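Structure at a glance
Below, each chain spelled out in residue letters.
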2 protein chains.
Amino acid sequence: MLNISQVERDTGLSKDTLRMWERRYGFPQPGRDAFGERLYDAPQVDKLRVIKRLMDAGQRPGRLMDKSFEELTALAAQQTVARADGTPPAAHTDLIALLQSHDSPALEQHLTHLLLRQGLQQFVLATLAPLNVAVGEAWARGDLAIFEEHLYTERVQGVLRSAIQSMSRRQDSPRVLLTTLPQEQHALGLLMVETLLASERVPCIALGTQTPLQDIATAAAAHRADIVALSFSDAFPLRAAAAGIASLRPDLAPSTTLWVGGSLVARLKQLPRGVCRIQSLADVLPALEAWRSASNRSAPG
Amino acid sequence: MLNISQVERDTGLSKDTLRMWERRYGFPQPGRDAFGERLYDAPQVDKLRVIKRLMDAGQRPGRLMDKSFEELTALAAQQTVARADGTPPAAHTDLIALLQSHDSPALEQHLTHLLLRQGLQQFVLATLAPLNVAVGEAWARGDLAIFEEHLYTERVQGVLRSAIQSMSRRQDSPRVLLTTLPQEQHALGLLMVETLLASERVPCIALGTQTPLQDIATAAAAHRADIVALSFSDAFPLRAAAAGIASLRPDLAPSTTLWVGGSLVARLKQLPRGVCRIQSLADVLPALEAWRSASNRSAPG
DNA sequence: GTCAACATTTTGTCCAAGACAAATAGTCCA
DNA sequence: TGGACTATTTGTCTTGGACAAAATGTTGAC
């Protein structure tokens, strides 16, 4: 039996939201302890967790509340199957099976092996990019536990960061500043971009995630960045992304290019002038080439 | 001007607490926007941050509220001076100056140089551990911008992860599971512990930050962990830490040791049986030794 | 048929004031 | 000096009302 604070931590739903759902939909319906405070039992928390997962996948709570736990899990499974229609999951199921086997050394070995066989660029583009999607979906289906996804993220970070660290850097490259806005916690996208650039010997000024807008502009000026690259995952609020981009652009020097990437950007309507949309990881290196030729044209030599 | 949500994120003080302080002490005294919602200006948020910092150091809010920002910073400075009594800040000021110079390659070079000269263990224990404190204090003083601190964190992560990745692992070691509770975002502590263990050829099952309680227990069982290690920075709510530890302990197998570390743990009163307090990074390797001998005694051979 | 503008529903967060347990400080006494 | 008791401090929970932002549905023009 959990109290409302613990449920908030466990499910990611705020206390206010939990109380409002109870008031509005009649679910959850927690018991009370001796002091009149809410106590949630395990089945209700499980159901809340599935609901949260489905909401992260785009569903709205109103439609989900009256369904049973079984209906909800079925719905979750159904959703990802429908989307993963024609994609060949062969190589991915191997790795996901490895994740489920909890053999941490084998996982690391497998990733390193793939990296060595494919080379850095192919590893990122052909293996990691689709694998990330597959892992996300497996998690949404309930096939992967959170801790299994965490282990995956950590292992990939280890492999990528180690690869980045060992690359030599050219000094005549563009200065690329890499980060995300506050509220965006996903670091893997940034790291994959950094890896691709490192493979072209372009060093990055990586700030990790969640840099305040004002600081991004200040940092870009301090480091005399040629390119500022932001990453937006699907979970990021669309409006906030558009607003953030629009307010950041004029704070950057006109000569600084602003790249925006991540799964969210496909849904952004119109971008301000001087903002470059990176639809997928495959666009990163072409965008780098484009920047180089544009830069040469304006300042030859 | 920030709204209450942003202040909550920025300071780590809950909305409830912010409203209660206003009601009870008359500070903060936010303005209101067109919709009657609280708007905090920058000076008040700065003051809240110092107050939070002093509270993390053991002060109680009632005594701090009516002091001015200057009095509070003086108090904070006094405290840190008192704490940093005999430590020579020479090497740290070098690195902090490097951070302020925005010379990213030089920073990385300097860190790598220190690592090679000191070796992994000394680098972590003698350089990084006090440097983290110094960086945190410089940030609190306003000497370092957020983006400079971010850059520091990223660079250190790169160096440590790359070092970890290149260490070989012994298979007859304890299985150590490494993570933090939800709400705890600081990953560097975990990474330093992982580095120390890697230097002893002990491989870790690193889950990164923010693993739900239930998942930690599940993961520990799935990986047959001998040791579960949690890290708590001093920004973490004390009560939540105590509650989390108390509720996790019985969910772990009795034979699994639970380590709790980080700057918060000094303030935890009494720990449940079977929970080991890691006061500082220097305690990690001794604790490992202690585990080994205890393990040998109970299961010799 | 497609797109844009508008209206409507849904949904999350904020607000206020009251209550009370847990933690801390203060006091008394041996 | 230390232990037991009381008083104060402090954070979190409670209820119910309000309303903006997001999502959905509808209309009309091209």
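Please refer to the structure placed before this passage.
Described below are features of the structure shown in this document. (Residues numbered from 1 in each chain as written. Chains lettered and ligands numbered in written order. Predicted model: local features only at pLDDT ≥ 70, side-chain atom pairs only at ≥ 80, totals over all residues. Heavy atoms only, no water.)

**What about the overall build of chain A?**
Definition in use: Helix numbering and strand numbering both begin at the N terminus, where a helix is a DSSP run of H or I of at least 4 residues and a strand a DSSP run of E of at least 2. Per-residue accessibility, obtained with a 1.4 Å probe over protein chains only, is compared with the maximum for each type, and a residue is labelled buried under 20%, exposed over 50%, and partly exposed between these values. It only takes one pair of heavy atoms within 4.5 Å for two residues to be counted as in contact. To be clear on the numbers: accessible area is Shrake-Rupley with a 1.4 Å probe, and residue cover counts the displayed protein chains and nothing else. Just so you know, the count uses Lys and Arg for positive and Asp and Glu for negative, and it drops His and the chain ends. Here the site of a charge means atom NZ of a Lys, CZ of an Arg, CG of an Asp or CD of a Glu.
Helix and strand counts for chain A come out as 13 helices and 7 strands. Taking the principal axes of the C-alpha coordinates as reference, chain A spans close to 75 × 45 × 35 Å. Residue burial in chain A is summarised as follows: out of 301 residues, 45% are buried. Considering only contacts within chain A whose residues lie at least 6 apart along the sequence, 67% involve residues at least 24 apart. For chain A, the accessible surface area stands at approximately 14,600 Å², while carbon and sulfur atoms represent 52% of it. Positive and negative side-chain charges of chain A, numbering 32 and 31 respectively, have mean locations separated by a distance of 7 Å.

**Observations concerning the protein's contact with DNA strand D**
Basically, it comes down to this: A single heavy atom is enough: if one lies within 4 Å of a molecule or strand, its residue is considered near that molecule or strand. Think of a polar contact as two N or O atoms within 3.5 Å of one another; within protein, one of them needs to be a possible hydrogen donor and the other a possible acceptor, and neighboring residues in sequence only count if both atoms come from side chains. Side-chain classes follow a simple rule in which Ala, Val, Leu, Ile, Met, Phe, Trp, Tyr, Cys and Pro form the nonpolar group, Asp, Glu, Lys and Arg form the charged group, and the remainder, Gly included, forms the polar group.
In the neighbourhood of DNA strand D, 25 residues make up the surrounding shell, with A:Ser5, A:Arg38, A:Arg60, A:Arg239 and B:Trp21 lying closest. The share of sugar and phosphate among atoms of DNA strand D within 4 Å of the protein is 70%. Contact between DNA strand D and A:Arg60: a sugar or linking oxygen at 3.3 Å from a side-chain N or O atom of the residue. Mapped onto the surface near DNA strand D, the elements with two or more residues apiece are α1 (4-11) and α2 (15-25) of chain A together with α2 (15-25) and α4 (61-64) of chain B. Looking at the surface near DNA strand D element by element, the count peaks at 6 residues for α2(B). Grouping the constituent residues of the surface near DNA strand D by class yields 8 nonpolar, 5 polar and 12 charged.

**Describing the sheet that holds strand β3 (residues 176-179) of chain A**
Residue and element names in this part refer to chain A. Rules: We treat two strands as partners when DSSP finds at least two bridges between them. For helices, the fitted line uses only the C-alpha atoms of the stretch in contact; every axis is such a line through C-alpha atoms, and the angle between N-to-C directions lies from 0 to 180 degrees.
Taken together, 5 strands build an open sheet; the order of strands is β4-β3-β5-β6-β7 and the sheet is parallel. Where the open sheet ends on each side, the last strands, each with one partner, are β4 (204-206) and β7 (275-278). Adjacent strand axes in the sheet meet at a mean angle of 25° when their direction is disregarded.

**Section: the packing of aromatic side chains**
The criterion, for reference: Centres within 6.5 Å make a pair out of two Phe, Tyr or Trp rings, where for Trp the six-membered ring is used; the pair is then stacked when the planes are under 30 degrees apart, edge-to-face when over 60, and tilted otherwise. Put simply, a charge is over a ring when the Lys NZ or the Arg CZ is close to the ring centre, within 6 Å, and near the line of the ring normal, within 35 degrees.
Scanning the model with the defined rule gives 1 aromatic pair over all chains in all. Between B:Phe232 and B:Phe236, the ring centres sit 5.2 Å apart and the planes meet at 75°, which makes this aromatic pair edge-to-face. The class for B:Phe232 is buried, based on a relative accessible area of 1%. The ring of A:Phe27 is capped by A:Lys47, whose NZ or CZ atom sits 4.2 Å from the centre of that ring.

**What about the relation of the copies chain A and chain B?**
Here is the rule we go by: We place the copies in one frame by least squares, fitting the C-alpha atoms of every residue whose pLDDT is at least 70 in both.
When chain A is fitted to chain B, the best match, at an RMSD of 2.5 Å, comes from turning it 177° and sliding it 1.2 Å along the axis. Taken together, the rotation and translation describe the operation of a two-fold axis. Among all residues of chain A, the minimum C-alpha distance to the rotation axis is found for A:Ser162, at 1.8 Å. A symmetric contact is evident, with 97% of the interface residues of chain A recurring at the interface of chain B.

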